[in-house]
Structures are given as structure tokens and as C-alpha cells.
Amino acid sequence: MSIYYINLVDWKRLLEKLLQKYTLYAPVSRTTSPLVRDEWTTFERINSENINNIVYNFPRAADVVKSIFFREREIATKYFREGEREGEAPIAVLGAKSCDLAALRIQDRIFMAEEFKDPSYVELRENGLIIGSDCQSISPTCFCTVVHIKSYATDTFDTVSY
């Protein structure tokens, strides 16, 4: 594996370029309310207005990456023929943690297997881009060590940001 470094200015340019080609999802910080001192991250659709809200070096987000690729609802009649996702940009995910990627591997085995292949899911995954992110520390709510997953991504990603 090769390691490349990028400065903050070029990183922001790269994200802007990704926005031109992909529908980008990345972790953004949230709080429950002013009364509760609790903060967590959630994956949100990123655009040029909220691109500076992306957070880095966070524990796993509250929602999961696999839900970005496997949608709760989809208009089935529009996609009977392959390649009919007109006007829909491919998905890019920034900040996928090792535990999310492990879950995505399981989902891929289910929905990309020949017997029960979901063409809509396959198209999203094959055209998508995943930028993994290593955990800098393990949160008390993390379960990666219990299920023998490393705190850094080892596969199921296109590139990793540290």
C-alpha cells in the first residue's frame, strides 16, 4: 500500500471535485439538545454549503454506511432495465469505519450473490466510492474488539483517510 499526503487546501479541492461527480455522504456532528450534553456523528448528504461541517477523527457514526447503499424505499418500476438511473449520481461515502465496512461486506454477500442479486444495489455498489477512515481511539460504545474487527480498515474500501 502506498501512502500519500495531502494538505488541507488540496483536500477541500478534492472534496469539491467529488461533489461534481458523486452524491457525497460524510459524518457531521450532532447534539441531542441544549439540555443534554451529548454529541455524536451521523452521515449526511454533503453539498457546497455544509462541506465545512464534515468531522474527522470521530468514533463510529450513529447511523450505518450500509443504509446509504441499501435504501428503505425505492421506486422499483423505474429501474426494470439496467442503467436507467437517469440523472442520479453515484454515491461516495467519506469516513467509513472498519465496523461499517464489515457490515457492508455481509450485505454485499447477500445482495450481490447470484441467487438473490439485487440489481439496484449492485449498481449502487459498483458505481460507488468508499473512503474509509481509521479510528484514532476506541469509544466505550464500540464493539469492534468484541467481534474481532480491527480499528482500522483492511478491505471493502477504495481508499483510506487518516
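Above this text you will find the structure in question.
Summary of the structure given here. If you're wondering where the values come from, they're calculated on a predicted model, not measured in any experiment.

Examining helix H1 (residues 8–21)
Owing to its 3.6 residues per turn, the α-helix aligns residues three or four sequence positions apart on the same side.
Consideration 1: Helix length check: H1, at 14 residues, gives a terminal C-alpha distance of 20 Å against a target of 20 Å (1.5 Å per residue), a fit within 8%.
Consideration 2: For H1, the N-terminal cap is asparagine 7; the gap from its side-chain oxygen to the backbone nitrogen of valine 9 is 3.2 Å.

Remarks on the nonpolar core
Consideration 1: Core analysis: the largest hydrophobic core is formed by 16 residues, its most contacted members being Val65, Phe69, Ile91 and Val93.
Consideration 2: With three residues, the top contributor of residues to this core is strand S3 (residues 91–96).
Consideration 3: When near neighbours in sequence (up to four residues on either side) are disregarded, isoleucine 91 contacts Tyr22, Thr23, Tyr25, Ile68, Phe69, Arg71, Leu124, Asn127, Gly128 and Leu129.
Consideration 4: Ranked by size, the runner-up nonpolar core spans 14 residues in total, among them Tyr22, Ile54, Leu94 and Leu129.

Side note on a nonpolar patch on the surface
Consideration 1: Residues Phe143, Val146 and Val147 make up a contiguous nonpolar surface patch of roughly 270 Å² in combined accessible area.
Consideration 2: Locating valine 146 in the fold gives a position in the loop between strand S4 (129–133) and strand S5 (159–161).

A look at helix H4 (residues 119–127)
Consideration 1: All buried positions along H4 are accounted for by Ser120, Tyr121, Val122, Leu124 and Arg125.
Consideration 2: Each element contacted by the buried residues of H4 is listed here: helix H2 (66–69), S3, helix H3 (98–111) and S4.
Consideration 3: Of the residues flanking the start of H4, the one acting as N-cap is aspartate 118, its side-chain oxygen 3.0 Å from the backbone nitrogen of serine 120.

Some details on empty space enclosed by the protein
Consideration 1: Scanning the entire structure with this criterion turns up one cavity of 30 Å³ or more.
Consideration 2: Each pocket or cavity is described by its volume, and for the largest cavity that value is around 50 Å³.
Consideration 3: Contributing to the lining of the largest cavity are Ser98, Cys99, Cys135, Cys142, Cys144, Lys150 and Ser151.
Consideration 4: When the residues that make up the lining of the largest cavity are grouped by side-chain class, the tally is four nonpolar, two polar and one charged.

About the cut-offs
- Residues numbered from 1 in each chain as written.
- Predicted model: local features only at pLDDT ≥ 70, side-chain atom pairs only at ≥ 80, totals over all residues.
- Heavy atoms only, no water.
- Helix = DSSP H or I, 4+ residues; strand = E, 2+ residues; numbered from the N terminus.
- Expected span 1.5 Å × (residues − 1).
- Polar contact = N/O pair within 3.5 Å; in protein donor to acceptor, adjacent residues only side chain to side chain.
- Core = buried A, V, L, I, M, F, W, Y, C linked by side-chain atoms within 4.5 Å.
- Buried < 20%, exposed > 50% of the residue type's maximum accessible area, 1.4 Å probe, protein only.
- Contact = heavy atoms within 4.5 Å.
- Patch = residues over 30% accessible without salt bridge, like charges linked within 9 Å, V, L, I, M, F, W, Y side chains within 5 Å.
- Areas by Shrake-Rupley, 256 points an atom, 1.4 Å probe, with all protein chains shown as cover.
- Salt bridge = Lys/Arg side-chain N within 4 Å of Asp/Glu carboxyl O.
- 1 Å grid on protein atoms, 1.4 Å probe; cavity = no way out; pocket = protein on both sides within 12 Å on 5 of 7 lines; lining within 4 Å.
- Points joined across faces, edges and corners; volume = space filled by probe spheres on them.
- Nonpolar A, V, L, I, M, F, W, Y, C, P; charged D, E, K, R; others polar.

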